[in-house]
Amino acid sequence: MKIKSQKNAMWLFFSSVKLSVFLLFTLALVSVFGTIIAQGQSIEYYKSTFGHLWGTVILLIGMDDTYHSFWYRLLMGLLSLNIIVCSIDRLFATWSIIFPKTHTVKTNRFRNKPDRQIFNARCTMTQLRDPIRLFLSKKWTHFELFSTDTGFYCYGETGRKSRLGVYAVHVSILLMITGGIIGSFFGFDGYIQISEGESTNHLVIGQNQKIELPFTIQCDDFSVSYYDNGTPSEFKSILTLKRDNNTFFTRPILVNHPLRYEGINIFQSSYGLLTAEYRQKLPETVVLFFQNPKTRLSYPVKGKLNERVPLPEGKGFFTIQNYQASYRFSGHHLGPTLTLLLEIKSGNKSDDTVMPQLVMIPVQYPKFDHMRQGYFVISVMNETDFRIPESEKRYYTGLQITKDPGIYLVYTGFIMMLIGIFVTFFMSHRQYFVEVMENSSGTCQVLVTGIANKNKLGMIQKLGKLKQELQNIDTHCRTIEGKI
Amino acid sequence: MSSSLALSITTFMYGAAACAYICGWIFKKNYLNLSGTYLTIIAIVFNTAGIIIRWISSYEMGIGHAPLSNLYESLVFFSWTIAVIYISIEYRYKHRTIGAFVLPLAFLSLSYASLPTVNNSIQPLIPALKSNWLIAHVFTCFLGYAGFALAFGLSIMFLIKTKDNAFSHILPETGMIDELIYQMIMFGFLFLTAGIITGAVWANSAWGAYWSWDPKETWSLITWFIYAIVIHARLMRGWSGKRISWISIIGFAAVLFTYFGVNLLPGLHSYAK
């Protein structure tokens with residue numbers, strides 16, 4: 001006896017809604033902390049951001065990886081248990097309502113309902129009986145007709161199965177959690193980089209977990225296309241899948257258009273350049289732009305390496321002395337840069353003193369030379385001449401490779417949850433009761449009433465409409481009788 | 001007419017409608033409430049036009065996509081959903097005072113969109129956003145947000161109604177407000193769920209993971225938990241009125257954080273800034 005009462009206490013604990021609310025609240029609260037504290041950082045990060053004590057506490061309780069920590073999973077586990085126990089507990093009670101073996105209509109419950117509606121019909125009970133039976137048996141999914149001493153009554157139900165909606169929602173959560181667990185045990189999620197023209201048949205996850213793929217992935221080609229404003233519009237990898245010299249197929253993949261084969265999914269995730277962005281050697285001719293900041297006049301001037309070229313406005317000469325594909329200037333990376341030797345006259349006469357100076361012109365930064373505050377502001381006219389043309393570039397493609405055998409359960413859960421929530425919120429189990437009683441004078445009274453398990457306001461409207469429809473039947477009967 | 005002109009007029013109209021409803025409520029003038037209804041309907045027409053014109057001009061620019069791709073466009077759509085849901089409730093329940101608590105939200109949302117810090121240019125879609133799921137995801141999410149926004153407005157209304165003063169007695173009956181709050185929460189919950197699910201399916205086809213604990217995902221889940229609590233407290237423990245109103249206000253704070261606050265944190269939804 002004692003064991004049984006203990007079991008009951010446990011059962012009561014896990015079937016309580018208080019526990020559900022507590023668990024939902026705790027999960028929400030913990031999740032908030034998980035978004036505020038940056039996840040997956042180093043020990044040093046937590047200690048420097050939150051102080052030594054709190055940093056240690058965060059690491060100790062696993063708040064650096066909240067959603068995979070032991071106690072987050074414990075909360076999820078408890079919630080699942082709560083859902084299971086709750087559902088079983090309540091389903092026993094609802095099952096007999098949804099699928100009754102035998103049932104009796106509790107006529108008094110309906111007859112005495114305070115909001116029952118009654119109207120006086122003009123036809124006789126026998127005239128009304130068939131039209132009403134026909135009308136209501138079509139309208140209701142469940143229909144019964146009983147004769148009484150003074151007439152008859154109809155009992156009907158709709159949406160009986162809508163009571164199952166709430167169980168669908170709860171089972172869907174269990175499906176998603178189960179799917180998630182299956183995915184984390186029997187699936188994987190990793191990242192690989194393949195250079196154009198190369199191939200791979202395995203991936204490394206985390207520190208040292210190596211996964212062999214059932215086929216080889218070869219990247220035949222990778223390309224990026226751009227919008228007019230220069231932002232990327234599409235990344236595309238042409239992949240060939242093969243096994244033991246046996247080529248399966250070649251197919252392009254894009255972001256949002258993954259490739260799925262033999263349970264393995266391949267996603268376009270990132271890309272990078274293997275070759276440099278800019279040329280290693282100077283192009284044959286370079287067009288430089290000399291702008292006089294005072295007059296705002298600009299002069300494009302062609303130049304070649306080590307060629308002494310006259311400056312505009314007869315100000316002297318310049319020579320392109322050097323080109324570096326990547327140049328560092330006081331700790332900054334300036335990229336491709338030209339070195340010019342300027343021999344610029346201080347005045348306009350031919351015998352004016354010439355001041356030779358070296359000037360750096362970074363290709364990517366046309367405004368850089370402003371800082372020198374010289375006679376001319378010099379920049380490179382066409383930056384793209386220095387870029388390696390798209391056809392000569394070599395890329396690597398970054399692919400996300402995943403396998404998730406739990407996904408079908410998760411997706412089933414998704415569909416079930418949406419249907420379940422819709423049914424639970426917006427459909428209800430309605431019971432109707434319509435009774436026709438004959439008066440001593442031969443006319444009869446019609447009583448309309450009903451109950452619903454949800455949305456009582458909606459039920460009142462439904463009953464009002466039903467009464468109207470029955471009155472219409474009565475009028476219709478009357479006119480037919482009149483004609484005869 | 002350009003999209004931005006249409007939306008400027010819309011902002012003004014929502015502001016005017018909000019003023020009309022508030023004045024109508026405070027001074028108990030029915031003609032003010034009635035003009036609020038007309039202003040709201042005109043505003044919805046302009047709001048719809050603004051969205052459609054923007055959609056068309058994106059195609060004319062050769063980068064055609066539904067105008068649901070950044071913060072500006074989402075704010076415009078948010079005020080549209082709030083106004084459309086509100087007007088259908090007004091039509092169904094014939095209570096114009098509710099407008100005083102809802103239209104200011106539509107106005108605020110569009111005013112925020114007009115701030116210079118919010119980029120209102122039409123930009124091409126980044127590769128990750130090029131998906132048919134974009135419309136389904138954003139549409140469902142914002143229907144959900146709008147449902148919760150209405151529940152929030154109604155909750156404020158409920159709390160004012162329970163304080164018995166000169167302004168409270170022309171408001172609808174507590175029972176009706178309470179029922180409406182719950183209706184809006186159910187509506188919001190269904191669409192928030194649909195929003196999270198469409199987002200998960202999309203993420204699974206774009207990145208190969210349906211759930212990544214990205215801050216926005218996590219915050220939508222937190223919001224879902226809060227409203228799940230409201231629903232359980234109401235259905236199973238019979239909570240109503242004040243307590244539901246307060247949780248609904250907290251829930252809406254979570255919605256706002258999911259919408260705006262998360263942009264302060266790094267994550268996959270960074271383009272929604």
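Calculation criteria
- Residues numbered from 1 in each chain as written.
- Chains lettered and ligands numbered in written order.
- Predicted model: local features only at pLDDT ≥ 70, side-chain atom pairs only at ≥ 80, totals over all residues.
- Helix = DSSP H or I, 4+ residues; strand = E, 2+ residues; numbered from the N terminus.
- Rg over C-alpha atoms; globule rule 2.2 N^0.38 Å.
- Contact = placed C-beta atoms within 7 Å.
- Nonpolar A, V, L, I, M, F, W, Y, C, P; charged D, E, K, R; others polar.
- Pairing = 2+ DSSP bridges.
- Axes fitted to C-alpha atoms, helices over the stretch in contact; angles between N-to-C directions.
- Expected span 1.5 Å × (residues − 1).
- Domains from an automatic or database assignment.

1. What to know about the overall build of chain B
In terms of helices and strands, chain B carries eight helices and zero strands. Secondary structure elements of chain B occur, N-terminal to C-terminal, as α-α-α-α-α-α-α-α. Its C-alpha atoms give chain B a radius of gyration of 19 Å, within 12% of the compact-globule value 19 Å for 273 residues. Expressed along its principal axes, the backbone C-alpha trace of chain B runs to roughly 55 × 50 × 30 Å.

2. Details of the interface of chain B and chain A
Across the contact, 35 residues belong to chain B and 35 residues belong to chain A. For the side of chain B that touches chain A, the elements supplying multiple residues, two or more each, are α6 (174-206) and α7 (215-237) of chain B. It is α7(B) that contributes the most residues to the side of chain B that touches chain A, 13 residues altogether. Taken together, the residues that form the side of chain B that touches chain A break down as 26 nonpolar, six polar and three charged.

3. With respect to the sheet that holds strand β19 (residues 430-438) of chain A
Residues and elements named next belong to chain A. Spatially, β1-β20-β19-β3-β2 is the arrangement adopted by the five strands of the open sheet, whose pairing is antiparallel. Either end of the sheet is taken by a strand with one partner, and the two such strands are β1 (117-121) and β2 (142-147). Recorded for the sheet is a direction-independent mean angle of 15 degrees between the axes of neighbouring strands. Bridge count for strand β3 (residues 151-158) against β19 is eight bridges, and the pairing is antiparallel. The residue bridging T158 from the neighbouring strand is R430, located in β19.

4. Some thoughts on the pairing of β3(A)
All names here are of chain A. By the bridge criterion, six bridges tie β2 to β3 in an arrangement that is antiparallel. Counted as the bridge partner of S147 is F152 from β3. Hairpin connection between β2 and β3: a loop of three residues separates the two successive antiparallel strands.

5. Notes on the sheet that holds strand β17 (residues 377-380) of chain A
All names here are of chain A. An order of β12-β11-β17 is seen for the three strands of this open sheet, with the pairing classed as antiparallel. Only two strands of the sheet have a single neighbouring strand rather than two, namely β12 (298-303) and β17. For this sheet, the mean inter-axis angle between neighbouring strands, taken without regard to orientation, is 25 degrees. Two strands pair when backbone bridges link them, and strand β11 (residues 286-291) and β12 are joined in this way by six bridges, in the antiparallel orientation. Bridging from a neighbouring strand, L288 pairs with V301 of β12.

6. Some remarks on helix α3 (residues 71-93) of chain B
The end-to-end C-alpha separation of α3(B) is 33 Å, in line with the 33 Å expected for 23 residues at 1.5 Å each. Remark: B:K94 follows α3(B) within two positions and exhibits a positive phi of approximately 55 degrees.

7. A look at the domain arrangement of chain B
Residues and elements named next belong to chain B. Looking at the assigned domains, one finds that chain B contains domain 1 (1-125) and domain 2 (128-273). The gap between the C-alpha centroids of domain 1 and domain 2 is 19 Å. Contacts between domain 1 and domain 2 engage 22 residues on the former and 23 residues on the latter. Where the side of domain 1 that touches domain 2 is concerned, the elements lending two or more residues are α1 (3-26), α3 and α4 (99-114). It is α3 that provides the largest number of residues to the side of domain 1 that touches domain 2, a total of eight residues. For the side of domain 1 that touches domain 2, the class distribution of residues is 15 nonpolar, six polar and one charged.

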